[in-house]
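A structural walkthrough
Letter by letter, the chains look like this.
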Protein chains: 2
Amino acid sequence: MALTYTSYIVLGLLEHCPGITPYELKGVVAQSVGNFWSVPHTQVYTEPARLAAEGYLKEERERGGRRRKRYTITAKGKSALREWVASPTSEFTELRDPGLLQLWMGADPVALGMVQAEVHRRRLEQYLEIRDTLPPGAPPGPAATLESGIGHEREWVRFWERLARDGA
Amino acid sequence: MALTYTSYIVLGLLEHCPGITPYELKGVVAQSVGNFWSVPHTQVYTEPARLAAEGYLKEERERGGRRRKRYTITAKGKSALREWVASPTSEFTELRDPGLLQLWMGADPVALGMVQAEVHRRRLEQYLEIRDTLPPGAPPGPAATLESGIGHEREWVRFWERLARDGA
DNA sequence: ACCGTCATGTAATCGGTTACATGATTCT
DNA sequence: AGAATCATGTAACCGATTACATGACGGT
């Protein structure tokens, strides 16, 4: 079995929050990586199970109440994560933006631009708010990632607004 | 059956190049939408078949030689495409960049930045070359899409180079 | 006690990807 | 003629998404 990006997300978050349940994990994802990489809630339940089956995680079941599963990262899991993080990927991300696809196919630039500009303006605002409330002692990785997101959203807004205004 | 983004790519390209074979389509994809939205070659064979089964395309088989299939868009296909293009999506594209994920997880910013900056510099150059060789009478959609790609690659280069230089 | 929402999964589906396989052309 | 590559698919697998289902908890 190969580890996927989802796997590394689970491993990485579980390293910081050992012994949490899938539901708690869901919340952690939403407030962190989820800002630029969505993970549907069912995967938050299935992926830890997969990882546990292969020894990357340890699975414990609560006795009473909801008998829910709590996961902890193992030594094997930690080393797999470290190994991946330590070898810089040269993987390239495509834009894969549905709006761009419509634009390519000849959609009306003004109408499309207005809708998309609005969506990205809103997202940009969210990012800026998050940056404002970032605690001083926060780890550098997430902060840097946030900066990237802000830069890209600014670019998106610039692009779509120009299109909405000039129509080309 | 629902139409996917891949479906619209096939429909859109087939509208411009009626009666082509999957292999030819593969080439068209590579030189157009493929720049920002990759489609594996097997899908270029399977997706037209799916679409033809639902009446969006007409499938014809050559008599001699390789007996390959040639596809043409039908009226149903055209109207489906038009309908999609005409309703501006508010779908939001996440970054989903593996490099960003590594950065978030605490990768060394300098090492990662150097690798990623190089990748994006190269891609940016490719885009600029394409822009230079763009024929004057080209349709506006692809040109605008290209501008978007250039803007984003510039942003990526700026971001990763700063990271490689300053380490934060 | 009841009702609504939160929490926690399982099952089925499906597009996308990887692997494999074979038939034409082209080149030496 | 044989080798290498191009062209054209088929089959199998698998992660991701959608749908469905049920159990706990909190409030009234």
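Preceding this paragraph is the structure being described.
These lines cover the structure that appears in this document, whether it is placed above or below. Just so we're clear, the structure is a prediction, and the values are computed from it rather than from any experiment. Counting from 1, residues in each chain are numbered in the order their sequence is written. Chain letters start at A and ligand numbers start at 1, both assigned in the order the entries are written. Reporting in this predicted model follows two pLDDT cut-offs: at least 70 for local features of residues, and 80 or more for side-chain atom pairs to be given and counted; totals over whole chains, interfaces and linings ignore these cut-offs and use all residues. Hydrogen atoms and water are omitted, and side-chain values are computed over all heavy atoms in the structure.

Being near a molecule or strand, for a residue, comes down to having at least one heavy atom within 4 Å of it. In the neighbourhood of DNA strand C, 16 residues make up the surrounding shell, with Tyr23(A), Arg66(A), Arg68(A), Gln43(B) and Arg50(B) lying closest. Within 4 Å of the protein, atoms of DNA strand C come from sugar and phosphate in 78% of cases. Whenever a nitrogen or oxygen atom comes within 3.5 Å of another N or O atom, the pair is scored as a polar contact, on the condition that within protein one atom can donate a hydrogen and the other can accept it, and that pairs from neighbouring residues in sequence are kept only if both atoms are in side chains. Between DNA strand C and Thr6(B), the relevant distance is 3.2 Å, taken from a phosphate oxygen to a side-chain nitrogen or oxygen of the residue. In this text, helices come from DSSP runs of H or I with a minimum length of four residues, and strands from runs of E with a minimum of two, each type numbered from the N-terminal end. Among the secondary structure elements, those contributing two or more residues to the surface near DNA strand C are helix 3 (41-53) of chain A together with helix 3 (41-53) of chain B. Here the residues of the surface near DNA strand C are counted per class, giving three nonpolar, seven polar and six charged. The residue classification treats Ala, Val, Leu, Ile, Met, Phe, Trp, Tyr, Cys and Pro as nonpolar and Asp, Glu, Lys and Arg as charged. All others, Gly included, are polar.

Listed as interface residues are 54 residues of chain B and, on the opposing side, 54 residues of chain A. In this assembly, chain B packs against chain A so that about 5500 Å² is buried in total across both faces, 71% of it on carbon and sulfur atoms. Each salt bridge in this description consists of a side-chain nitrogen of Lys or Arg and a carboxyl oxygen of Asp or Glu lying within 4 Å of one another. Along the contact surface separating chain B from chain A lie zero salt bridges. Taken together, chain B and chain A are joined by 19 residue pairs in polar contact (both at pLDDT 80 or more). Among the secondary structure elements, those contributing two or more residues to the side of chain B that touches chain A are helix 1 (5-16), helix 4 (75-86), helix 5 (98-104), helix 6 (109-132) and helix 7 (140-166) of chain B. It is helix 7 of chain B that provides the largest number of residues to the side of chain B that touches chain A, a total of 14 residues. Residue contacts are defined here by distance: any two heavy atoms, one from each residue, within 4.5 Å place the two residues in contact. Summed over both partners, the accessible area (1.4 Å probe) lost when two parts come together is defined as the buried area.

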